[in-house]
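Summary of the model geometry
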Amino acid sequence: MNSGYKLIYRKAAVKFIARQDKDVQERFAFGLQGLLAIPPQGDIKKLKGQDGLYRLRVGTYRVLFRIDHEERIIYIEAIGNRGDVY
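Presented here is a report on the structure given in the accompanying data block. Please read all numbers here as calculations on a predicted model, not as lab measurements.

1. Details of the layout of surface pockets
A water-sized probe rolled over the atoms picks out the places where empty space is left. Estimates place the volume of the largest pocket at around 150 Å³. Looking at the largest pocket, it is lined by 13 residues, and the ones nearest its centre are Phe30, Gly31, Gly34, Gln41 and Gly42. Among the elements of the structure, helix H2 (22-35) and strand S3 (53-58) are those that each provide at least two residues to the lining of the largest pocket. By residue number, the principal contributor to the lining of the largest pocket is H2, which donates 5 residues.

What follows is the structure in structure tokens.
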């Protein structure tokens, strides 16, 4: 399943995940692994009015990310509760 893409996280996203319970962290890990599949898997939508920004739904949480196809990098921009992250 290695697509050659890698995930790069902003510091705030790493801190958010670290503050969560172990079961929530495992759900994030599973959801984020889906992004590395070709095509990316999960409940993903392109955000309107945000150039190149996508969101992944993981339960009540949202992961905002950008994909750089040339560099083969997925940038995890933000993670948070549904109402807080947009």
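2. Some remarks on the packing of aromatic side chains
We describe a pair of aromatic rings using the distance from one ring centre to the other and the angle between the two ring planes. For the structure on display, the rule yields 4 aromatic pairs. Between the aromatic rings of Phe16 and Tyr61, the centroid separation amounts to 5.8 Å while the plane-to-plane angle is 70°, which identifies the pairing as edge-to-face. Placement of the pair is Phe16 in helix H1 (residues 11-18) and Tyr61 in strand S4 (residues 61-68), with a sequence separation of 45 residues. On the basis of relative accessible area, Phe16 is assigned to the buried category, the value being 11%.

3. A look at the packing of H1 against H2
In the contact formed by H1 and H2, the axes pass within 9 Å of each other and the chain directions differ by 135°. One way to sum up the angle between H1 and H2 is to call them oblique. Contacts from Phe16, Ile17 and Ala18 of H1 reach H2 at Gln25, Phe28 and Leu32. Grouping the constituent residues of the contact of H1 with H2 by class yields 5 nonpolar, 1 polar and no charged.

4. A closer look at the sheet that holds strand S1 (residues 6-9)
Taken in spatial order, the 5 strands of this open sheet run S1-S5-S4-S3-S2, and their pairing is mixed. Sheet topology places S1 and strand S2 (43-46) at the edges, where each strand pairs with a single neighbour. The sheet shows a mean angle of 30° between the axes of neighbouring strands, taken without regard to direction. Strand direction decides the pairing type here: S3 and S4, joined by 6 bridges, are antiparallel. Across the sheet, residue Leu56 finds its bridge partner in S4, namely Val63. The strands touched by H1 within the sheet are S1, S4 and strand S5 (73-81), with S5 carrying the most contacts at an inclination of about 50°. Packed onto the sheet, H2 meets S1, S2, S3, S4 and S5 and runs at close to 30° relative to S4.

Reading guide: rules and limits
- Residues numbered from 1 in each chain as written.
- Predicted model: local features only at pLDDT ≥ 70, side-chain atom pairs only at ≥ 80, totals over all residues.
- Heavy atoms only, no water.
- 1 Å grid on protein atoms, 1.4 Å probe; cavity = no way out; pocket = protein on both sides within 12 Å on 5 of 7 lines; lining within 4 Å.
- Points joined across faces, edges and corners; volume = space filled by probe spheres on them.
- Helix = DSSP H or I, 4+ residues; strand = E, 2+ residues; numbered from the N terminus.
- Phe/Tyr/Trp six-rings, centres within 6.5 Å; stacked < 30°, edge-to-face > 60°.
- Buried < 20%, exposed > 50% of the residue type's maximum accessible area, 1.4 Å probe, protein only.
- Axes fitted to C-alpha atoms, helices over the stretch in contact; angles between N-to-C directions.
- Parallel < 35°, antiparallel > 145°, perpendicular 65-115°, else oblique.
- Contact = heavy atoms within 4.5 Å.
- Nonpolar A, V, L, I, M, F, W, Y, C, P; charged D, E, K, R; others polar.
- Pairing = 2+ DSSP bridges.

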